[in-house]
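Overview (structure and organization)
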Amino acid sequence: MLKLEKIEKAAELIRTAKYAVAFTGAGISVESGIPPFRGANGLWNKHDPIFVEIEYFHKKPLESWKKIKHVFYDMFDQAQPNPAHIALAKMEKRGFIESIITQNIDNLHQKAGSKYVYELHGTSRTLSCIECSTEYELNFVDLNFLPPTCYICKGILKPDIVFFNEKIPAFALKRSTEESLKADVFIIIGTNAEVLPAADIPVKAKENGAIIIEINIQESHFTDTITDVFIKGKASEIMEKIATYLYL
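Residues numbered from 1 in each chain as written. Predicted model: local features only at pLDDT ≥ 70, side-chain atom pairs only at ≥ 80, totals over all residues. Heavy atoms only, no water.

**Digging into the overall build of the protein**
Where we set the bar: The secondary structure listing takes helices from DSSP runs of H or I that are at least 4 residues long and strands from runs of E that are at least 2 residues long, numbered from the N terminus. Only the C-alpha atoms count toward the radius of gyration. The rule for a globule is 2.2 Å times the residue count to the power 0.38. Three labels apply to residues, based on accessible area from a 1.4 Å probe with only protein chains included: buried if under 20% of the type maximum, exposed if over 50%, partly exposed otherwise in between. Note on definitions: a residue-residue contact is assigned when non-hydrogen atoms from the two residues lie within 4.5 Å.
When you go through the protein residue by residue, the secondary structure sums to nine helices and nine strands. For the protein, the C-alpha radius of gyration of 18 Å lies close to 18 Å, the compact-globule estimate for 248 residues. Principal-axis analysis of the C-alpha atoms gives the protein an extent of 55 × 35 × 30 Å. Considering the protein as a whole, with its 248 residues, one finds that 50% of them fall into the buried category. Of all intrachain contacts in the protein linking residues separated by at least 6 positions in sequence, the fraction that spans at least 24 positions is 68%.

**Some words on the sheet that holds strand β1 (residues 20–24)**
Test applied: At least two bridges found by DSSP between two strands is the condition for calling them paired. Comment: axis = line fitted to C-alpha atoms, over the contacting stretch for helices; angle = value between 0 and 180 degrees taken between N-to-C directions.
Strand order across the open sheet formed by six strands is β3-β2-β1-β7-β8-β9, with parallel pairing between neighbours. Only two strands of the sheet have a single neighbouring strand rather than two, namely β3 (117–119) and β9 (229–232). Sheet twist, expressed as the mean angle between neighbouring strand axes with direction ignored, is 15°. Inspection of the sheet shows strand β2 (residues 99–102) paired to β3 by three bridges, in the parallel sense. Each residue of the ladder has a partner; that of I100, found in β3, is V117. Contacting β1, β2, β3 and β7 (185–189), helix α7 (residues 170–182) crosses the sheet at an angle of about 125° to β3. In the packing of helix α9 (residues 235–245) onto the sheet, the strands contacted are β7, β8 (211–216) and β9, and the crossing angle to β8 comes to about 130°.

**Describing the side chain of N104**
Cut-off, in case you're wondering: Polar contact is the term for a pair of N or O atoms within 3.5 Å; when the atoms are in protein, one must be able to donate a hydrogen and the other to accept it, and sequence-neighboring residues count only if both atoms are side-chain atoms.
With respect to the secondary-structure elements, N104 resides in the loop between β2 and α6 (108–112). A distance of 3.0 Å separates a polar side-chain atom of N104 from the backbone oxygen of G25. Other than its neighbours up to four places away in sequence, N104 contacts T24, G25, A26, I28, S29, E119 and G122.

**Points about the pattern of salt bridges**
Operational definition: Salt bridge, as applied in this entry: a Lys or Arg side-chain nitrogen positioned within 4 Å of an Asp or Glu carboxyl oxygen.
The tally for this structure, following the rule as stated, stands at 10 salt bridges. Across the pair R125 and E119 runs a salt bridge, and its minimum N-O distance is 3.0 Å. Judged by its relative accessible area of 28%, R125 is partly exposed. For E178, the salt bridge goes to R175, with nearest N and O atoms at 3.2 Å. In this pair, E178 and R175 both sit in helix α7, three residues apart, roughly one turn of the helix. You can call E178 partly exposed: its relative accessible area is 28%.

**Some thoughts on the nonpolar core**
Note the threshold: Among buried residues, those of type Ala, Val, Leu, Ile, Met, Phe, Trp, Tyr and Cys that are joined through side-chain atoms within 4.5 Å constitute a nonpolar core.
Core analysis: the largest hydrophobic core is formed by 29 residues, its most contacted members being I14, L88, I213, I215, M239 and I242. Mapped by element, the contributors of at least two residues to this core are α1 (3–16), β1, α5 (83–93), β7, β8, β9 and α9. Ignoring sequence-local partners within four residues, the contact set of I242 consists of I7, A10, A11, I14 and I215.

**Re the environment of L248**
Mapping L248 onto the fold places it in the segment after α9. Residue classification places L248 among the partly exposed positions, given a relative accessible area of 28%. Placed 154 residues apart in sequence, L248 and R94 show a C-alpha to C-alpha distance of 8.4 Å.

**Quick look at unusual backbone geometry**
Trans is the prevailing form of peptide bonds, just as negative phi is the prevailing case for residues other than glycine. In this structure, P147 follows L146 across a cis peptide bond, with omega equal to -10°. Inspection of the secondary structure assignment puts P147 in the loop between β5 (135–137) and β6 (157–161). Here S133, not a glycine, exhibits a phi torsion of approximately 70°, which is positive. Residue class for S133 comes out exposed when judged on its relative accessible area of 56%.

Laid out in structure tokens, this is it:
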């Protein structure tokens, strides 16, 4: 099947779906200037990930925070949604998709206008005190003074990103699992989902009868196991074309 035919087929599956859900990973944000964590050009090839190990953060919060600010906040602050994020937001607004499950922490889906976003690996837009659990929006925190501290108890603030050896947020995991089981069409975009439990979510959708559409620049371990329609290409290009077929 030609690429254009696959895009038309994907659009028709989304159009006729009763409950379509998108599942996104680093690949959707690469075109917004945010590198993936893994792979040849991944962040973990350039930076030792020890600074996002929870034990290291508690032992050396200042050293951890210096890297966190550089790698996440200085970089993410300039990033803007690309056509793939915008297409998904329009699809949600028009009722073509119900929700987005994402492994990304960059807040770009919300910036694009998506309302129902479940963040499996947390978010960089809020921080919480490790002592009293008070939560802060990022714009209330001054990252010129590290490590940032709580206005209430002076405890150290930690980004609400899932660090290594931390559990996935219970609410996000619960809702993501529920959404995957409701879906009759499940759209995987820009992810190999190599990390558990995220990797299990598309599989659960498939086992429950969902049709799997996969959009990626290369084949993943999903492609030959659960994917029904594989479209090779950049997320922004493919999603923009699908949105065009949906008259968005």
